[in-house]
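Here are the chains, one letter per residue:
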Amino acid sequence: MSWVADYEYTWAERISMRALRTCGHIPKHVAFVMDGNRRFARSQQIDKIEGHSRGFSKLADCLRWCLDLGISEVTTFAFSIENFKRSSEEVEGLFNLARDKFAKLLKETDRLNQHGIRIRVIGNIGLLPLDLQKLVATAMLSTEVNDKLFLNVAFSYTSRDEITQALETVLQQGNNFISGSNISERLLEECMYTRHSPAPDLIFRTSGETRLSDFMMWQLSGSVLYFSNVLWPQITFWNFLASILAYQRDRYRLEKFRRAEQIQSAQLARTSDFHSERVQQFLQSMDEDRRKLLVRLASSKMC
């Protein structure tokens, strides 16, 4: 199964998509909490891992819809650090599924490059098996020049861990560049896994759950939240369009709040000398170190 589906639109779907693009604002960044794979598997009396595999197939459809609608960034919550608490059989099954999907991604790099899709895995990948770390790093490096659609796969991720890792980055790597007066919310935000991404405009969670499960808690204060009862593997184009309509309806109520956040962020940047040469050198050094880690992992030899 490809990472981007060759989805065949019906006449009604094409007309509806055109109307959405013409008559309303399209979100730049949509984040999906892909919930309900296991419940879907139980309902169909199939193996849990097959449920997760069908969930990936649905992600491929969603990426096609996002590409065609003009959405430029997608984030998916694929594997929480909390998932390590599941049975060893299910965790290993999820890792095997990830191995298979990232291996297929590398085989279809030309197709991803053709669509301009860049893969970024956000999360504590050091918790993953070494061979999976290598696949993840290689996938990220193989698509790093693309800029039409950014796919952020949250794997081995929680917001609490992301914030903790950002703090550790400042404390461990900032000594040579920054002082205590430079530390602010603005700086911490730039040390997150999502440093190069705008905040999500829309968060879409399936399966009827109305919680966020420690997903992008730092970034979503100005996001439209949309919850659907449909299980993730059963999501349709019309469910997707309903979420876009909800965003178009609700975004105006959040505009004032988002503008206020932007003003506050700019003020924090000024008072903490965020744009000073030493802070920018620190952030540049951090980016270089993160890329060096990917290169090291991608070139590592498995025993």
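Bear in mind the structure is a predicted one, so any value in this text is a computation, not a measurement. (Residues numbered from 1 in each chain as written. Predicted model: local features only at pLDDT ≥ 70, side-chain atom pairs only at ≥ 80, totals over all residues. Heavy atoms only, no water.)

### Notes on the overall build of the protein
Next, step 1: Looking only at helices and strands, the protein has 10 helices and six strands in total.
Next, step 2: For a compact globule of 303 residues, the expected C-alpha radius of gyration is about 19 Å, and the protein comes in at 20 Å, within 12% of that figure.
Next, step 3: For the protein, the C-alpha atoms occupy an extent of roughly 55 × 55 × 35 Å along the three principal directions.
Next, step 4: Within the span of the protein, comprising 303 residues, buried residues form 52% of the whole. (Helix = DSSP H or I, 4+ residues; strand = E, 2+ residues; numbered from the N terminus. Rg over C-alpha atoms; globule rule 2.2 N^0.38 Å. Buried < 20%, exposed > 50% of the residue type's maximum accessible area, 1.4 Å probe, protein only.)

### Things to note about helix α1 (residues 11-23)
Next, step 1: With 13 residues, α1 ought to run about 18 Å at 1.5 Å a step, and its terminal C-alpha atoms sit 18 Å apart, in line with that.
Next, step 2: Three or more residues of α1 are buried, namely E13, M17 and L20. Mapping the buried residues of α1 onto a view down its axis gives an arc of 60 degrees, with all of them on the same face. Within α1, the exposed residues directed more than 90 degrees away from the buried face are W11, T22 and C23.
Next, step 3: Each element contacted by the buried residues of α1 is listed here: α3 (48-69) and α9 (237-271). (Expected span 1.5 Å × (residues − 1). Arc of directions from axis to C-beta. Contact = heavy atoms within 4.5 Å.)

### Structural notes on the nonpolar core
Within soluble globular proteins, side chains that are nonpolar generally end up buried alongside one another.
Next, step 1: Counting residues in each nonpolar core, the largest one holds 60 residues, and the members touching the most others are F32 and F102.
Next, step 2: The greatest single-element share of this core, amounting to eight residues, is contributed by α3. (Core = buried A, V, L, I, M, F, W, Y, C linked by side-chain atoms within 4.5 Å.)

### Here we look at the packing of α1 against α3
Next, step 1: Their axes nearest at 10 Å, the elements α1 and α3 cross at an angle of 50 degrees. On the basis of the axis angle, α1 is oblique to α3. Of the residues in α3, those touching α1 at M17, L20 and R21 are W65, D68 and L69. (Axes fitted to C-alpha atoms, helices over the stretch in contact; angles between N-to-C directions. Parallel < 35°, antiparallel > 145°, perpendicular 65-115°, else oblique.)

### Notes on helix α7 (residues 159-173)
Next, step 1: For α7, with 15 residues, the first-to-last C-alpha span of 21 Å sits near the 21 Å given by 1.5 Å per residue.
Next, step 2: Among the residues of α7, S159, D161, E162, A166, T169 and V170 are the ones counted as buried.

### Looking at the sheet that holds strand β3 (residues 117-122)
Next, step 1: Reading across from one edge, β3-β4-β2-β1-β5-β6 is the order of the six strands in this open sheet, with parallel pairing throughout. At either end of the open sheet lies a strand with only one pairing partner, and these are β3 and β6 (224-227). Pairs of neighbouring strands in the sheet enclose a mean axial angle of 20 degrees, with direction left out of account.
Next, step 2: When strand β1 (residues 29-33) meets strand β2 (residues 73-80), the two strands line up parallel, connected through five bridges. For F32, the partnering residue across the bridge sits in β2 and is T76.
Next, step 3: Sheet strands touched by α9: β1, β5 (202-205) and β6. Its angle to β6, the strand with the most contacts, is close to 150 degrees. (Pairing = 2+ DSSP bridges.)

### Some details on the packing of aromatic side chains
Next, step 1: All chains considered together, the criterion is met by 21 aromatic pairs.
Next, step 2: An angle of 45 degrees between the planes, with centres 5.8 Å apart, marks the rings of F32 and F204 as tilted. Placement of the pair is F32 in strand β1 and F204 in strand β5, with a sequence separation of 172 residues.
Next, step 3: On the accessibility criterion, F32 (0% relative accessible area) is buried.
Next, step 4: These aromatic residues form a ring-pair network of at least three members: Y7, Y9, W65, F237, W238 and F240.
Next, step 5: Between the NZ or CZ atom of R251 and the centre of the ring of Y252, over which it lies, the distance is 4.8 Å. (Phe/Tyr/Trp six-rings, centres within 6.5 Å; stacked < 30°, edge-to-face > 60°. Lys NZ or Arg CZ within 6 Å of the ring centre and 35° of its normal.)

### A word on the pattern of salt bridges
Next, step 1: Counting across every chain of the model gives 28 salt bridges.
Next, step 2: Salt-bridge contacts for D35 lead to R39; the nearest nitrogen and oxygen are separated by 3.3 Å.
Next, step 3: For R39, a relative accessible area of 30% corresponds to the partly exposed category.
Next, step 4: Among the ionic pairs, K104 bridges to D100, the shortest N-O distance being 3.6 Å. Taken together, the residues span about one helical turn, with K104 and D100 both in helix α4 (residues 88-107) at a distance of four residues.
Next, step 5: For K104, a relative accessible area of 30% translates into the label partly exposed.
Next, step 6: A single network of salt bridges, built from pairs that share partners, joins D35, R39, R205, E209 and R211. (Salt bridge = Lys/Arg side-chain N within 4 Å of Asp/Glu carboxyl O.)

### Quick notes on the packing of helix α2 (residues 37-44) against α3
Relative placement of two packed helices is described by the angle separating their axes and the distance separating the axes.
Next, step 1: Running from amino to carboxyl end, α2 crosses α3 at an angle of 120 degrees, the nearest separation of the two axes being 8 Å. The orientation of α2 relative to α3 falls into the category oblique. Two packed elements cross with a definite hand, and for α2 against α3 that hand is right-handed. Seen from α2, the contacting residues are N37, R38, F40 and A41; seen from α3, they are K48, G51, H52, R54 and G55. (Left-handed = near helix turned anticlockwise from the far one by under 90°.)

Keep in mind these numbers describe shape, not what the thing actually does.
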